Amino acid sequence: MKLSNFGFNLPDELLAEYPSEHRDEARLMVLNRKDKTIEHKLFKDIIDYFDENDVLILNNTKVFPARLYGNKEKTGARIEVFLLRELNQEQRLWDVLVDPARKIRIGNKLYFGEDENLVAEVIDNTTSRGRTLRFLYDGSYTEFRRKLTELGETPLPKYIKRAVEPEDEERYQTIYAKNEGAVAAPTAGLHFSKHLLKRLEIKGINFAEVTLHVGLGTFNPVEVEDLSKHKMDSEEISIRPEAVNIVNTGINNKKRVCAVGTTVMRAIESAVSSNGMLNEMEGWTNKFIFPPYDFSIANSMITNFHTPKSTLLMMVSAFAGHDFVKHAYEEAVKEKYKFYSYGDAMLII
């Protein structure tokens, strides 16, 4: 498979600027891999596809307000700073992206907030847009993190052209988010409402929670035609014993084990034992899944509709079959499904 196999034309009007009014009333396309059939439903109808003791694996990462705006010393130029990951808590070192990058050099200082009492110094270049910043703040670490949260805004994806609204803080977070550390939401999970989760629980569905802190590596464009040459950025994973027990019991009992989102699929496929079961894991993954690929853990998957030539589309194609997914996407465009983070969903069984 080559990069050019994953291109398609996506009309601008199919990009979702806003989510469905009710989370679980987004549209749902159901792909049956065995029968090669496609059904059109609402997301809340997924309950009809799961039975008692089936397993849903959720990513409980929590998005933090990663986008800050500061001013460069002397010139006062407005600079966007996107926090990627904390490198050193004690020294307050962070990996960030800056925009416009050409104006930001080692030694520059950036000032944040009206009172400018949060300052960052550029201490290294990492990539063309990447920098390492040391934050200077007169207060405890807890107060410093509180300040970052206060000054930061919800990191909506760049293709959403509208301004961030207060409601996005809640909209761009799954209702089961717990462990802060993601710079983008695991968007397949955005479709679950409390009511739907409760109905699934009553039906006897088991939930296993894993953590993968979504970084921007998931969304970095693939720039090589030969997919085997693409390098994924690393993202942090935590898979605890309780989740391992729930998932492996589901596998042993031949139940439906469903990965809710590509981030869950990456996490669990990064922690597979030699006999095809899920292992505990605390660490990092840079796993890149593209066709052909044999999946070990999940036998079904919930996902959104993804960007042309994205690593996410490649994973979905590996899971459901390239030609079938291509056909499904053509149908999605024809039926005016909404794409990307706030868009509609797909269930692959």
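Our structure is the block above this text.
Residues numbered from 1 in each chain as written. Predicted model: local features only at pLDDT ≥ 70, side-chain atom pairs only at ≥ 80, totals over all residues. Heavy atoms only, no water.

Once that is clear, we can look at the environment of Lys34. Within the secondary structure, Lys34 sits in the loop between β1 (27-32) and β2 (37-42). Here Lys34 falls in the exposed class, since its relative accessible area comes to 76%. Placed 315 residues apart in sequence, Lys34 and Ile349 show a C-alpha to C-alpha distance of 8.2 Å. (Helix = DSSP H or I, 4+ residues; strand = E, 2+ residues; numbered from the N terminus. Buried < 20%, exposed > 50% of the residue type's maximum accessible area, 1.4 Å probe, protein only.)

Across a sheet, strands are paired by hydrogen bonds formed along the backbone, either parallel or antiparallel in direction. Read from one edge of the open sheet, nine strands run β2-β1-β17-β16-β14-β3-β12-β13-β15, paired in mixed fashion. Every other strand in the sheet has two partners, leaving β2 and β15 (281-285) as the edge strands with one partner each. Strand-to-strand, the axes of this sheet are offset by a mean angle of 25 degrees, without reference to chain direction. Here strand β3 (residues 55-59) pairs with strand β12 (residues 206-212) via five bridges, running parallel. The residue of β12 that forms the bridge with Leu56 is Phe207. (Pairing = 2+ DSSP bridges. Axes fitted to C-alpha atoms, helices over the stretch in contact; angles between N-to-C directions.)

What follows covers the environment of Glu236. Tracing the backbone shows Glu236 in strand β13 (residues 235-239). The spatial distance from the C-alpha of Glu236 to the C-alpha of Lys2 is 28 Å, given a sequence separation of 234 residues. Contact partners of Glu236, with chain neighbours within four places excluded, come to Thr211, Leu212, His213, Gly283 and Trp284. (Contact = heavy atoms within 4.5 Å.)

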